Amino acid sequence: QVQVVESGGGLVQAGGSLRLSCAASGRIFSADVMGWYRQSPGKQRELVASVTGSARTNYADSVRGRFTISRDNAKNTVYLQMNSLKPEDTAVYYCNLRRFGSDVWGQGTQVTVSS
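The numbering scheme is per chain: residues are counted from 1 as the chain's sequence reads. Residues qualify for local features only when their pLDDT is at least 70, as the model is predicted, and side-chain atom pairs are given and counted only at 80 or more; totals for whole chains, interfaces and linings, by contrast, use all residues. Each side-chain value is worked out from all heavy atoms of the structure, with water and hydrogens disregarded.

(A) Seen up close, the side chain of Glu6. Note that Glu6 resides in strand β1 (residues 4-7). Exposure classes here rest on a 1.4 Å probe applied to the protein chains alone. A residue is buried below 20% of its type maximum, exposed above 50%, and partly exposed in between. Counting rule for charge: Lys and Arg are taken as positive, Asp and Glu as negative, and neither His nor the chain ends is counted. Between Lys or Arg on one side and Asp or Glu on the other, a salt bridge is scored when a side-chain nitrogen of the former is within 4 Å of a carboxyl oxygen of the latter. Within the buried core, Glu6 has no salt-bridge partner, and the shortest N-O distance to an opposite charge, that of Arg45, equals 7.4 Å. Here a polar contact is taken to be a pair of N or O atoms separated by no more than 3.5 Å, where protein atoms must pair a possible hydrogen donor with a possible acceptor and residues adjacent in sequence count only if both atoms sit in side chains. A polar contact is formed between the side chain of Glu6 and the backbone nitrogen of Cys95, at a distance of 2.7 Å. Within polar-contact distance, the side chain of Glu6 engages the backbone nitrogen of Gln107 at 3.1 Å. By definition in these notes, contact holds between two residues if any of their heavy atoms fall within 4.5 Å. If we skip the residues at most four places from it in the chain, Glu6 touches Ser21, Cys22, Trp36, Tyr93, Tyr94, Cys95, Gly106, Gln107, Gly108 and Thr109. By definition, any uninterrupted DSSP run of H or I lasting at least four residues is a helix, any uninterrupted run of E lasting at least two residues is a strand, and each is numbered from the N terminus.

(B) Looking closely at the packing of aromatic side chains. Pairing of aromatic side chains requires ring centres within 6.5 Å, counting the rings of Phe and Tyr and the six-membered ring of Trp. Pairs whose planes differ by under 30 degrees are stacked, by over 60 edge-to-face, and all others tilted. If you walk through the whole model with that rule in mind, you get one aromatic pair. Ring plane angle 70° and centroid distance 4.9 Å describe the contact between Tyr37 and Trp105, whose orientation is recorded as edge-to-face. One end of the pair, Tyr37, is in strand β4 (residues 33-39); the other, Trp105, is in strand β10 (residues 102-105), with 68 residues separating them in the sequence. Residue class for Trp105 comes out partly exposed when judged on its relative accessible area of 34%. Comment: the charge-over-ring label is applied if NZ (Lys) or CZ (Arg) is within 6 Å of the ring centre and within 35 degrees of the ring normal. In this structure, Arg19 packs its charged tip against the face of Tyr79, placed 4.0 Å from the ring centre. Over the ring of Trp105 we find Arg45; its NZ or CZ atom is 4.6 Å from the centre of that ring.

(C) Local environment of the sheet that holds strand β8 (residues 77-82). Read across the open sheet, the four strands follow the order β1-β3-β8-β7; overall the sheet is antiparallel. Strands with a single pairing partner mark the edges of an open sheet, and in this sheet they are β1 and β7 (67-72). The sheet shows a mean angle of 15° between the axes of neighbouring strands, direction not considered. As defined by bridge partners, β1 adjoins strand β3 (residues 18-24) across four bridges and the pair is classed as antiparallel. Think of it this way: DSSP has to see at least two bridges between two strands before they count as a pair. Inter-axis angles, ranging from 0 to 180 degrees, are taken between N-to-C directions of lines fitted to C-alpha atoms, where helices are fitted over the stretch in contact.

Have a look at this one:
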């Protein structure tokens, strides 16, 4: 069973940048869809960005133009570059691997943006 582990969260001031990484314990296949989700207290988990094996990307309206998702299949890793961070981006960020309709989740990494 493949597992995914996030890293790169932390505390940053508004306007700053962070880069999240998600490493899979096994090979990422071209059919896998990789995504980043986030959840803040009292809110539902929401999709931030996703990328297919053919590099087709999808972004939440709230992050489009500020965040960039990318994947490196050779390294079995997905990244989320977050620029121009805002306090409302504060949340736990989760990596997701969707393979043939089944989801694998990471444990999450905290991102806190101070004003």
